[in-house]
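The chain contents come next:
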Amino acid sequence: LQYDKEIRVLATATAERSVPSQRRADLPVTAGEQLDVIDAVQGHAAICRNSQGRYGYVLLEHLNFR
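Bear in mind the structure is a predicted one, so any value in this text is a computation, not a measurement.

Definitions and limits used
- Residues numbered from 1 in each chain as written.
- Predicted model: local features only at pLDDT ≥ 70, side-chain atom pairs only at ≥ 80, totals over all residues.
- Heavy atoms only, no water.
- Helix = DSSP H or I, 4+ residues; strand = E, 2+ residues; numbered from the N terminus.
- Rg over C-alpha atoms; globule rule 2.2 N^0.38 Å.
- Contact = heavy atoms within 4.5 Å.
- Areas by Shrake-Rupley, 256 points an atom, 1.4 Å probe, with all protein chains shown as cover.
- Lys, Arg positive; Asp, Glu negative; His and termini not counted.
- Charge placed at Lys NZ, Arg CZ, Asp CG, Glu CD.
- Salt bridge = Lys/Arg side-chain N within 4 Å of Asp/Glu carboxyl O.
- Buried < 20%, exposed > 50% of the residue type's maximum accessible area, 1.4 Å probe, protein only.
- UniProt positions renumbered as here; feature names shortened; annotations may be inferred.
- Pairing = 2+ DSSP bridges.

### Overview of the overall build of the chain
In terms of regular secondary structure, the chain is built from 0 helices and 5 strands. Helices and strands in the chain line up, N terminus first, as β-β-β-β-β. A compact globule built from 66 residues would reach a C-alpha radius of gyration of about 11 Å, and the chain, at 10 Å, matches this within 12%. For the C-alpha atoms alone, the extent of the chain along its principal axes is close to 30 × 25 × 25 Å. Partitioning the intrachain contacts of the chain with sequence separation of at least 6 by distance along the chain shows that 45% fall at a separation of at least 24. In the structure as shown, the chain presents an accessible area of about 4500 Å², 46% of it carried by carbon and sulfur atoms. Across the chain, the centroid of the 8 positively charged side chains sits 2 Å from that of the 8 negatively charged ones.

### Some thoughts on the pattern of salt bridges
Per the counting criterion, the structure on display carries 2 salt bridges. Salt-bridge contacts for Asp 26 lead to Arg 23; the nearest nitrogen and oxygen are separated by 2.7 Å. Given the relative accessible area of 49%, Arg 23 is considered partly exposed. Measuring nitrogen to oxygen at the nearest pair gives 3.1 Å for the salt bridge that ties Arg 49 to Asp 36. Of this pair, Arg 49 sits in strand S3 (residues 45-49) while Asp 36 sits in strand S2 (residues 34-40), and the two are 13 residues apart along the sequence.

### Observations concerning the UniProt feature "domain: Helically-extended SH3" (unreviewed entry) in the chain
Per the UniProt entry, the sites bearing "domain: Helically-extended SH3" (unreviewed entry) are residues 2-63 in this numbering. Helix and strand shares over residues 2-63 are 0% and 37% respectively, and the end C-alpha atoms of the span are 22 Å apart.

### Observations regarding the sheet that holds S3
Within a sheet, neighbouring strands are paired by backbone hydrogen bonds and run either parallel or antiparallel to one another. Taking strand neighbours across the sheet as the criterion, the 5 strands line up as S4-S3-S2-S1-S5 in an open arrangement whose pairing is antiparallel. Because the sheet does not close on itself, it has two edges, and the strands there are strand S4 (55-59) and strand S5 (63-64). Alignment of strand S1 (residues 11-15) against S2, held across 4 bridges, turns out to be antiparallel. Paired with Thr 14 across the strands is Gln 34, a residue of S2.

As structure tokens, then:
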């Protein structure tokens, strides 16, 4: 995933479950992992960044914003 906009953290979320990457643009996540949401995407996914600085799409259904 190429991301060339200025990175602003819109929210933080926790991954609800572990999800492997389906496509190259997806970010694989581990249950309980803290993620920065850096872009909301129309539809069912947001662009997130993990603690290693990698970013990609994560389905909203896998994220907990509480």
